[in-house]
Amino acid sequence: MASKATSIKLFSISTPQMRAFHLTWMAFFVCFFAWFACAPLMPVIKGEFGLTVAQIANINIAAVAVTIVVRLIIGPLCDHFGPRKAYTGLLLLGSIPVIGVAFAQSYESFLFFRLAIGAAGASFVITQYHTSVMFAPKVVGTANAAAAGWGNAGGGAAQAAMPLLMAAMVMLGVGEGYGWRAALIVPGVLMIIMAGVYYRFTQDCPQGNFAELRAAGITIEGGKKGGWDSFKLAASNYRVWLLFVTYGACFGIEIFIHNIAATYYVDHFKLTLAQAGMAAGSFGLLALFARALGGWTSDKFAAAGNLNNRVNLLFVLMLGEGAGLLMFAHAGNATLAIAAMLFFGLFTHMACGATYAVVPFVDKRALGGVAGIIGAGGNVGAVAAGFLMKGTGDVQQTLSILGVLVAVSALCALAARFSSDAVEESAIATKLAA
């Protein structure tokens, strides 16, 4: 019977494991591109709708708020229906508001569609779920982080590409007022195409699809308990909530920066829309390697047989993120700001990868519930950062406060250390899979 992959063969799609790996990061890339497609166009959209600072803050909060709920739901749905059907459904349903936002005629309608688009952010949970059930302990951290990192780069690609796509529409004769709308239809169409590809070419786990396996009486790891049972089991584990906080402090900061960076560079450093988009995009494009680096480093640290090396690494990475965020907040010019952003961005992306290198070991009986709750923590962090900015009314002050909070939350990583029995069990499993 097929088993989990013990290596990552990047240039192969001959196995179910590698097809899932490549298609899940591609689907994630498309979803994140769609999720953040509006952000670099906000200076234009702001002018069209006459948006106030408070309204922009509401839009940024809406962009990540609904993802909290969808992430909590999507993990147990993966346990119940399997990641293949869950991803296909999310892509198809998510394409509706992505296309719909192009037809918004007021602040209220734009806010509604921006809220609904946030559902696409739940794609992360399915990506992490699918790679977790496909890869063995010795490489699962690397697989999770690489798939998430390459998919996450969709957010950075959107920052850089959407202003250029809008400019291309304008060059073709479309007015600026319609140019941003035409540009926003593109990611919605890509989501529909990706849904068909994912459904056709992936399967739920190495042995096959959950529905057929359950019908044959075969037990499924990670999907033994479906739906509500998976959620309850995960919610009763204190490590889940500690990692909920740490993920809020790394991924939450990441998506907060995605939403405010372009506007911050335009307003604070007087960059053009295209320059701001490129600067903001460089932060997101770090995910191409930095998340994978975090997961790979976690795997290497744990290779000695000590599972707790994974949480020790996470602690160090979050301290670095907090320090870098403070540097970014107090940068005196655009050059220093970009350098500081890349510094703290490296730690931020690596911390995200290191967090989900821990996730598969928290509770294998409820993988979907664990992945969903911790994933939702990222969006809770982003929403909290959005409300903090709305309360202070000042981006620099908000960034300074967030830098301190991130450093403090690093303590949650240390508190999530595993028992000696869990460490021993993980060491045995790693040796057996070698």
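Everything numeric in this text was worked out from a predicted model, so none of it was measured. (Residues numbered from 1 in each chain as written. Predicted model: local features only at pLDDT ≥ 70, side-chain atom pairs only at ≥ 80, totals over all residues. Heavy atoms only, no water.)

## Quick notes on the side chain of E321
With respect to the helices and strands, E321 occurs in helix α14 (residues 308–329). In this structure, E321 is buried with no salt-bridge partner, the nearest side chain bearing the opposite charge being R291 at 10 Å. Ignoring anything within four residues of it in the chain, the contact list for E321 reads A249, C250, I253, F344, F347, T348, A351 and V406. (Helix = DSSP H or I, 4+ residues; strand = E, 2+ residues; numbered from the N terminus. Buried < 20%, exposed > 50% of the residue type's maximum accessible area, 1.4 Å probe, protein only. Lys, Arg positive; Asp, Glu negative; His and termini not counted. Salt bridge = Lys/Arg side-chain N within 4 Å of Asp/Glu carboxyl O. Contact = heavy atoms within 4.5 Å.)

## Comments concerning the pattern of salt bridges
Taken as a whole and assessed by the stated rule, the structure comprises three salt bridges. R181 serves as the salt-bridge partner of E48, at 2.9 Å between the closest nitrogen and oxygen. In this pair, E48 is assigned in helix α2 (residues 42–49) and R181 in helix α8 (residues 176–201), connecting sequence segments 133 residues apart. Judged by its relative accessible area of 8%, R181 falls in the buried class. When the shortest N-O distance is used, the salt bridge between R310 and D299 registers 2.9 Å. With R310 in helix α14 and D299 in helix α13 (residues 290–302), this residue pair connects regions lying eleven residues apart in the sequence. Residue classification places R310 among the buried residues on the basis of a relative accessible area of 3%. The exposure class of D299 is buried, given its relative accessible area of 6%.

## Considering the nonpolar core
Counting residues in hydrophobic clusters, the biggest one holds 146 residues, and the most contacted among them are F110, W180, L184, I257, Y265 and F328. Among the elements that line this core, the one with the most residues is helix α11 (residues 238–269), at 19 residues. Those residues in contact with I257, other than ones at most four positions away along the chain, are F283, F328, F344 and L399. (Core = buried A, V, L, I, M, F, W, Y, C linked by side-chain atoms within 4.5 Å.)

## Some points on α13
Its 13 residues place the ends of α13 18 Å apart at the C-alpha level, agreeing with the 18 Å of an ideal helix rising 1.5 Å per residue. Residues of α13 that are buried: A290, R291, A292, G294, G295, T297, S298, D299 and A302. Those residues of α13 that are buried lie in contact with α6 (123–134), α7 (137–171), α11, α14 and α15 (334–358). (Expected span 1.5 Å × (residues − 1).)

## Concerning the environment of R310
For the pair formed by R310 and I8, sequence separation is 302 residues and the distance between their alpha carbons is 20 Å. Setting aside chain neighbours within four positions, we find R310 in contact with P137, G141, S298, D299, A302, A357, V358 and F361.

## Here's the deal with the packing of helix α16 (residues 367–392) against helix α17 (residues 395–409)
Where α16 contacts α17, the two axes come as close as 8 Å, and the packing angle between them is 135°. The orientation of α16 relative to α17 falls into the category oblique. The way α16 lies across α17 gives a crossing that is right-handed. Here α16 contributes A385, L388, M389 and T392 to the contact with α17, which in turn contributes V395, Q397, T398, I401 and L402. Grouping the amino acids of the contact of α16 with α17 by side-chain chemistry returns six nonpolar, three polar and no charged. (Axes fitted to C-alpha atoms, helices over the stretch in contact; angles between N-to-C directions. Parallel < 35°, antiparallel > 145°, perpendicular 65-115°, else oblique. Left-handed = near helix turned anticlockwise from the far one by under 90°. Nonpolar A, V, L, I, M, F, W, Y, C, P; charged D, E, K, R; others polar.)

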